[in-house]
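Read off the chains here:
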Amino acid sequence: MIKMFVSDCLGVNEEGHLTIGGCDTVALAKRFGTPLYVMDEDQIRKNCRAFTQSMNEYYDGMGSVCFASKAFCCLEMCRIAFQEGLKLDVCSMGEYYTALKAGVPAKNCRMHGNYKTEEELYFEIETGIGAIIADNIEELERIDRLAGEIGTCPHVLLRVKPGIDAHTHDFVRTGQIDSKFGLALETGEAMEAVKYSLDCKNLNLTGFHSHIGSQIFDIEPFEHNARVMLEFIAKVKEETGFVTQELDLGGGFGIKYTESDNPAPFGEYLKRVSAVIKEKSAELGIIAPEISIEPGRSIVGATGITLYNVGAVKNIPGIRTYVLIDGGMYEDPRYALYKSEYKIVNACRANAPEDSVITLAGRCCESGDLIGENMKVAELKNNDTVAVLSTGAYNFSMASNYNRFARPAVIMIKDGKPRLIVYRQSVQDLIAGDI
Ligand SMILES: Cc1ncc(COP(=O)(O)O)c(C=O)c1O
């Protein structure tokens, strides 16, 4: 029986072991140790191309695809995204620095965030970052002042919250009025920020940005967002004469974590949203702006898995069975944060019937340190390798050193060959900053 996996890059070999990118995961766990993040480069590149090709096909190439590096940020990933023609969406000095060090030109990067410090803004402006997505009026004042001191005029987009309530987890919904991100349409705050920006001498307002949330399956909220933003663009033109060059529609496209998740093909999103933009612009009598999108999870999420070693199985009769693994919330906090569901596989017997129901528990000193509950899997025993699927996004990038656990290594697979792209932290790394 070949299972239905959540990603094309996974399979099962003759020994019944789970494979990723054609590599035996049990052998990878032995060779590189566990916990281990494993990513499939061919699949990442395919996903990048699905977005760039659909931008060409449905929006006549009049737009850019920016990889939301917060999903998975390291030198090698920035290089891959750049080689595939994507820009880099960064939201901290650390992400920006990583992109620059990977050889991504400053003009191909765009800075996000609801609080960029003076130091960060100065560095971004001085190095000639491609665009700053401004979040509030105080920040516009800072950008204008610092750009004046440096003697330049950065491109700025205003982050707008369009008042859209996407159906996803509360913590990853960002388009509704009650959000810490961006400028509200309903209250007039966004229009006030437009007028403020147009009065600034040292910044060049080029357009608007909105991001309605993450892990969204329906295309309708994205279409709705495009309509709302175009209506705002038309209103801005009417009130101020400003002609918007660029509309950035953010990211948020859902991926498959479990067999019941049913995301639309990536191309379908741009097909439908492009049609809405063209139609609505014509109806409003405005020039259809260039567009940008910022996929993160959808580029890398389903291309990665995490491998663990099973250290013990604790059966509490009539209550539950805990399977203890050598990782935990320090390297995958998504269940603890959002109760996110995953599919797991016994990598040693990937074709065996899933006849156990278990709770996968980490080794942090927290009862809530779980990767999932009520997970179906082929019986797991001590020293088995267990794989958690679709961990390519917001796992490595959200990892911490809680309990002073060292962050796992990251392996990238290309053409069936694994290579180390981020080394496993050592205990020396953990005390490196201590005085
Ligand atoms: C502004 C912005 N753009 C893009 C993204 C990427 O979202 P996703 O990984 O769901 O595509 C995020 C995620 O939080 C974001 O805040």
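Conventions we followed
Residues numbered from 1 in each chain as written. Predicted model: local features only at pLDDT ≥ 70, side-chain atom pairs only at ≥ 80, totals over all residues. Buried ≥ 20, exposed ≤ 12 C-beta atoms within 10 Å, placed from the backbone. Helix = DSSP H or I, 4+ residues; strand = E, 2+ residues; numbered from the N terminus. Arc of directions from axis to C-beta. Contact = placed C-beta atoms within 7 Å. Near = placed C-beta within 6 Å. Nonpolar A, V, L, I, M, F, W, Y, C, P; charged D, E, K, R; others polar. Pairing = 2+ DSSP bridges.

### Focus on helix H7 (residues 189-199)
Now for step 1: Within H7, burial applies to Ala190, Ala193, Val194 and Ser197. Down the axis of H7, the buried side of the element spans an arc of 105 degrees, and every buried residue falls inside it. With respect to the buried face of H7, the exposed residues turned more than 90 degrees away are Lys195 and Asp199.
Now for step 2: Looking at the buried residues of H7, the elements they touch are helix H6 (137-150), strand E9 (155-161), strand E10 (183-184), strand E11 (204-209) and helix H8 (220-240).

### Notes on unusual backbone geometry
Now for step 1: The linkage connecting threonine 34 with the following residue, proline 35, adopts the cis geometry, with an omega of -10 degrees.
Now for step 2: Following the sequence through the fold, proline 35 ends up in the loop between helix H1 (25-32) and strand E4 (36-40).
Now for step 3: If you check the backbone angles, aspartate 60 has positive phi at about 50 degrees while not being a glycine.
Now for step 4: Of note, aspartate 60 is situated in the loop between helix H2 (41-59) and strand E5 (63-68).
Now for step 5: In this structure, glutamine 215 is a non-glycine residue whose phi angle is positive, near 55 degrees.

### Topic: the site of the ligand
Now for step 1: Of all residues adjacent to the ligand, which total 17 residues, the nearest are Ala68, Ser214, Gly251, Gly296 and Arg297.
Now for step 2: Tallied by class, the residues present in the shell around the ligand amount to five nonpolar, eight polar and four charged.

### Structural notes on the sheet that holds strand E1 (residues 10-12)
Now for step 1: Reading across the sheet, the three strands line up as E1-E2-E3 and stay open at both edges, with antiparallel pairing between neighbours. Looking at strand neighbours, the two that pair on one side only are E1 and strand E3 (23-24), the edges of this open sheet.
Now for step 2: Pairing between E1 and strand E2 (residues 18-20): three bridges, direction antiparallel. The residue of E2 that forms the bridge with leucine 10 is isoleucine 20.

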